[in-house]
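# Coordinates in review
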Amino acid sequence: QLQLVESGGGLVQPGGSLRLSCTDSENSLDHNAIGWFRQAPGKEREGISCISVTDGFTYYANSVKGRFTISRDNAKNTVYLQMNGLKPEDTALYYCAAVVPVYRHLCPVGQFEYDYWGQGTQVTVSS
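Residues numbered from 1 in each chain as written. Predicted model: local features only at pLDDT ≥ 70, side-chain atom pairs only at ≥ 80, totals over all residues. Heavy atoms only, no water.

### Observations concerning the packing of aromatic side chains
Counting across every chain of the model gives four aromatic pairs. Taking 5.5 Å as the distance between ring centres and 80° as the angle between the ring planes, the aromatic pair formed by Phe37 and Tyr114 counts as edge-to-face. With Phe37 in strand 4 (residues 33–39) and Tyr114 in the loop between strand 9 (92–99) and strand 10 (116–117), this residue pair connects regions lying 77 residues apart in the sequence. Each member of the pair, Phe37 together with Tyr114, is buried. Aromatic pair Phe37 and Trp117: ring centres 4.9 Å apart, planes at 50°, arrangement tilted. Residue Phe37 is found in strand 4, and its partner Trp117 is found in strand 10; the two are separated by 80 residues along the sequence. On the basis of relative accessible area, Phe37 is assigned to the buried category, the value being 2%. We classify Trp117 as partly exposed; its relative accessible area is 27%. Of the aromatic side chains, those joined through ring pairs into one cluster are Phe37, Tyr95, Tyr114 and Trp117. The cationic tip of Arg45 hangs over the ring face of Trp117; the distance from NZ or CZ to the ring centre is 4.9 Å. (Phe/Tyr/Trp six-rings, centres within 6.5 Å; stacked < 30°, edge-to-face > 60°. Helix = DSSP H or I, 4+ residues; strand = E, 2+ residues; numbered from the N terminus. Buried < 20%, exposed > 50% of the residue type's maximum accessible area, 1.4 Å probe, protein only. Lys NZ or Arg CZ within 6 Å of the ring centre and 35° of its normal.)

Structure (structure tokens):
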């Protein structure tokens, strides 16, 4: 059983940057596709990015495309979400999720395709 932990959230001004991390201290993430999701108060959980096991396939929701970058460092057993040009509407609780996929060169977009979830890290963008 994976135990995912997110970190790196905080309070930033509009236009600022944060880098979120997703890791597991005991279990390898190497065979998992990883997705990032967020949920703001009163809104549905939104899939914003994912990265495949192999081939470096990535997906970005239109709301974050061009501003966010997902990457993985297998040596550190960590997946990152670099967030630049943050906007107030990016304020949400951010989750990472993992699944061992059927297709290793793709990553799922829907939340129900993932088996393991972290506890979330809060991102607040405000002046």
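### Section: the nonpolar core
Of all hydrophobic cores here, the largest spans 26 residues; its most connected members are Trp36, Phe68, Leu81, Met83 and Tyr94. At the level of secondary structure, the elements contributing two or more residues to this core comprise strand 3 (18–23), strand 4, strand 5 (46–51), strand 7 (68–73), strand 8 (78–83), strand 9 and strand 11 (121–125). Examining the composition of this core, we find that four residues originate from one element, strand 9, more than from any other. The next biggest cluster of nonpolar side chains, apart from the first, holds seven residues, and it includes Ala33, Phe37, Ala97 and Tyr114. (Core = buried A, V, L, I, M, F, W, Y, C linked by side-chain atoms within 4.5 Å.)

### Looking at the pattern of salt bridges
Inspection of every chain in the model, using the stated rule, returns three salt bridges. Across the pair Glu46 and Arg38 runs a salt bridge whose closest N-O atoms are separated by 2.9 Å. Asp90 is paired through a salt bridge with Arg38; the nearest N and O atoms lie 2.9 Å apart. Of this pair, Asp90 sits in the loop between strand 8 and strand 9 while Arg38 sits in strand 4; the two residues are 52 residues apart in sequence, bridging distant segments of the chain. (Salt bridge = Lys/Arg side-chain N within 4 Å of Asp/Glu carboxyl O.)

### Things to note about the sheet that holds strand 1 (residues 5–7)
The antiparallel open sheet is built from four strands, whose spatial order is 1-3-8-7. Two strands bound the open sheet, and with one partner strand each, they are strand 1 and strand 7. This sheet shows a mean twist of 15° between the axes of neighbouring strands, independent of strand direction. As defined by bridge partners, strand 3 adjoins strand 8 across six bridges and the pair is classed as antiparallel. From the neighbouring strand, Leu18 faces strand 8, where its bridge partner is Met83. (Pairing = 2+ DSSP bridges. Axes fitted to C-alpha atoms, helices over the stretch in contact; angles between N-to-C directions.)

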